[in-house]
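Residue-level structural notes
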Amino acid sequence: MDIRNLLVTGGCGFIGSNFIRHLLAKADFHGRIINADQLTYAGNPENLRGVEEAYPGRYLFRKADICDADLVREIFSHYEIDAVCHFAAESHVDRSILKPDCFIRTNILGTFNLLEAAKGRGSAFQLFHHVSTDEVFGSLGPVGAFTEETPYRPNSPYSASKASSDHLVRAYHETYGLPTTLSNCSNNYGPYQFPEKLIPLVVLNALEGKPLPVYGDGKNVRDWLYVEDHCEAIWTVMGKGRRGETYNVGGRAEMENIAIVEMICDLVDEFAPSSGAGPRRRLITFVKDRPGHDRRYAIDFGKLNGELGWTPAESFASGLRKTVQWYLDNKGWSERICSGEYQSWIKEQYGS
Ligand code: NAD
Ligand code: TYD
């Protein structure tokens, strides 16, 4: 596969921006990246600061809503798109419970528009990679792990909309022969994650001495993967994965939420000792549970490991350490998000 013009959707978000940096630094990618992002509250151009200058002619940005079918078609033909890596989505479960509408729109209709445009490129089109989540499989009991054969049982509007988009991708492969690959990944963490998600939220609240909200009894389990490992898994699947197949991606790092929050407290105490107020664990506050809160996720990534040789490089302890350090070293990044400064900049820069 020799991709010339790769469309990355949602490239200003958490994983998309890490992926763009990761890919441009790789010796086995020689093409150009076109990043199409609507810049919702979660899209931050600052995540890609310096990339255009570091890789002249190899990166460009288009502000675009993937729900606008005409605009999507125009982008595909104008930039002669021959491959897609599709990240753009509404991604936060709690928001999907309060206001599901835009999840249905972006995650389902937006994916449909991209698939249609990709189909329209005919034989010039090489690959549509869809980035999805393990949440489509629903919740596990105390044992077992999701495989690629696990039936879909989504429980939140977020996971239901992602499940729908996965089914559309499958259908475009089966019906129209569109070359597709799909990855279902567990919870990511690392640099540039929007501070509404558990890990950055707890790091920043701990630093500021604010309460650390733990839903329910804190014993819900997620399998955590360092974002750089996810980026490498996606590139591995794009390069070597069988077309029409799905691959599960995980970190072999099952953790109860409460254990993560305690680890973060201890790391923040170590890196930024608080003057006399006592250990950050004192800030842990159990709050009302999330409705429909999935109890446990765990991923069996044996297929990806066995067929394509991928395995995570980072352990949870090493990845979390790096992550906490990153948020401490980049306080300006989160301060600008929390103050709404970058939202005003986007308004000024793009007029909407
Ligand atoms: P994010 O919320 O940080 O970023 C989403 C990006 O999509 C933002 O830049 C946003 O501006 C953009 N976007 C939203 N609606 C758009 C639209 N209509 N048109 C164009 N752009 C739009 O999300 P993330 O955590 O980086 O997740 C990226 C993808 O990975 C999502 O598809 C998500 O379902 C999937 N995923 C995430 C995780 C995780 O733990 N974060 C795990 C597995 C899979
Ligand atoms: P989150 O980061 O929102 O990811 P997801 O819901 O996609 O798994 O949440 C991770 C886990 O942490 C989840 O079980 C919900 C829990 N959680 C809290 O306990 N407190 C919080 O403030 C948040 C945001 C999440």
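**Remarks on the site of ligand 2**
Near ligand 2 you find 16 residues, and of these Glu-135, Asn-187, Tyr-215, Arg-290 and His-293 are the closest. Measuring from an oxygen atom of ligand 2, one finds a side-chain N or O atom of Arg-222 at 2.9 Å. At 2.9 Å, a side-chain N or O of Asn-257 approaches an oxygen atom of ligand 2. For ligand 2, the protein covers 95% of the area, taking 510 Å² as the surface of the free molecule. Every element with two or more residues in the shell around ligand 2 is listed here: helix H7 (198–208) and strand E8 (212–215). Per element, the largest residue contribution to the shell around ligand 2 is three residues, and it comes from E8. Of the residues contributing to the shell around ligand 2, the split by class is six nonpolar, five polar and five charged.

**Remarks on helix H12 (residues 331–339)**
By the burial criterion, the buried members of H12 are Trp-333, Ser-334 and Ile-337. An end-on view of H12 places all buried positions within 85° of arc, on one side of the element. Those residues of H12 that are exposed and aimed more than 90 degrees away from the buried face are Glu-335 and Ser-339. Positioned one or two residues after H12, Gly-340 has a phi angle of 80°, which is positive.

**Looking at the side chain of Ser-132**
Considering the arrangement of structural elements, one finds Ser-132 in strand E5 (residues 127–133). Residue class for Ser-132 comes out buried when judged on its relative accessible area of 5%. At 3.5 Å, the side chain of Ser-132 forms a polar contact with the side chain of Asn-184. In this view, Ser-132 contacts Lys-162, Asp-166, Leu-182, Ser-183, Asn-184 and Cys-185; residues no more than four positions away in its chain are not counted.

**Some thoughts on the sheet that holds strand E6 (residues 180–185)**
Sheet architecture is open: seven strands sit in the order E3-E2-E1-E4-E5-E6-E10, paired in parallel fashion. If you trace the sheet from one side to the other, it starts and ends with strand E3 (59–63) and strand E10 (246–249), each paired once. Each strand axis lies, on average, 20° off the axis of its neighbour in the sheet, ignoring direction. Relative to E6, E5 runs parallel, the two sharing six bridges. Along E6, the bridge assignment pairs Phe-128 with Thr-180. Helix-sheet contacts for helix H5 (residues 101–120) involve strand E1 (5–9), strand E4 (83–86) and E5, and the interaxial angle to E5 is about 165°. Where helix H8 (residues 227–240) meets the sheet, its contacts fall on E1, E4, E5, E6 and E10, and the angle it forms with E5 comes to roughly 145°.

**Quick look at empty space enclosed by the protein**
According to the stated counting rule, one finds two cavities of 30 Å³ or more in the structure shown. What the largest cavity holds in volume is close to 50 Å³. Together, Val-93, Glu-135, Ser-156, Arg-222, Arg-290, Pro-291, Gly-292, His-293, Asp-294 and Tyr-297 line the largest cavity. Here the residues of the lining of the largest cavity are counted per class, giving three nonpolar, three polar and four charged. Its volume calculated, the second largest cavity comes out at about 40 Å³. Together, Leu-7, Ala-36, Ala-64, Asp-65, Ile-66, Val-72, Ile-75 and Leu-114 line the second largest cavity. When its residues are assigned to classes, the lining of the second largest cavity shows seven nonpolar, no polar and one charged.

**Digging into the pattern of salt bridges**
Taken as a whole and assessed by the stated rule, the structure comprises 21 salt bridges. One salt bridge in this structure joins Arg-290 and Asp-94, with 2.6 Å as the shortest N-O distance. Of this pair, Arg-290 sits in the loop between strand E12 (284–287) and helix H10 (302–308) while Asp-94 sits in helix H4 (residues 93–98); the two residues are 196 residues apart in sequence, bridging distant segments of the chain. For Asp-94, a relative accessible area of 18% puts it in the buried group. Its salt-bridge partner being Glu-208, residue Lys-210 comes within 2.9 Å of it at the nearest N-O pair. Counted as one network, the salt bridges with shared partners bring together Arg-242, Glu-245, Lys-303 and Glu-307.

Cut-offs used in this document
- Residues numbered from 1 in each chain as written.
- Chains lettered and ligands numbered in written order.
- Predicted model: local features only at pLDDT ≥ 70, side-chain atom pairs only at ≥ 80, totals over all residues.
- Heavy atoms only, no water.
- Near = heavy atom within 4 Å.
- Polar contact = N/O pair within 3.5 Å; in protein donor to acceptor, adjacent residues only side chain to side chain.
- Areas by Shrake-Rupley, 256 points an atom, 1.4 Å probe, with all protein chains shown as cover.
- Helix = DSSP H or I, 4+ residues; strand = E, 2+ residues; numbered from the N terminus.
- Nonpolar A, V, L, I, M, F, W, Y, C, P; charged D, E, K, R; others polar.
- Buried < 20%, exposed > 50% of the residue type's maximum accessible area, 1.4 Å probe, protein only.
- Arc of directions from axis to C-beta.
- Contact = heavy atoms within 4.5 Å.
- Pairing = 2+ DSSP bridges.
- Axes fitted to C-alpha atoms, helices over the stretch in contact; angles between N-to-C directions.
- 1 Å grid on protein atoms, 1.4 Å probe; cavity = no way out; pocket = protein on both sides within 12 Å on 5 of 7 lines; lining within 4 Å.
- Points joined across faces, edges and corners; volume = space filled by probe spheres on them.
- Salt bridge = Lys/Arg side-chain N within 4 Å of Asp/Glu carboxyl O.

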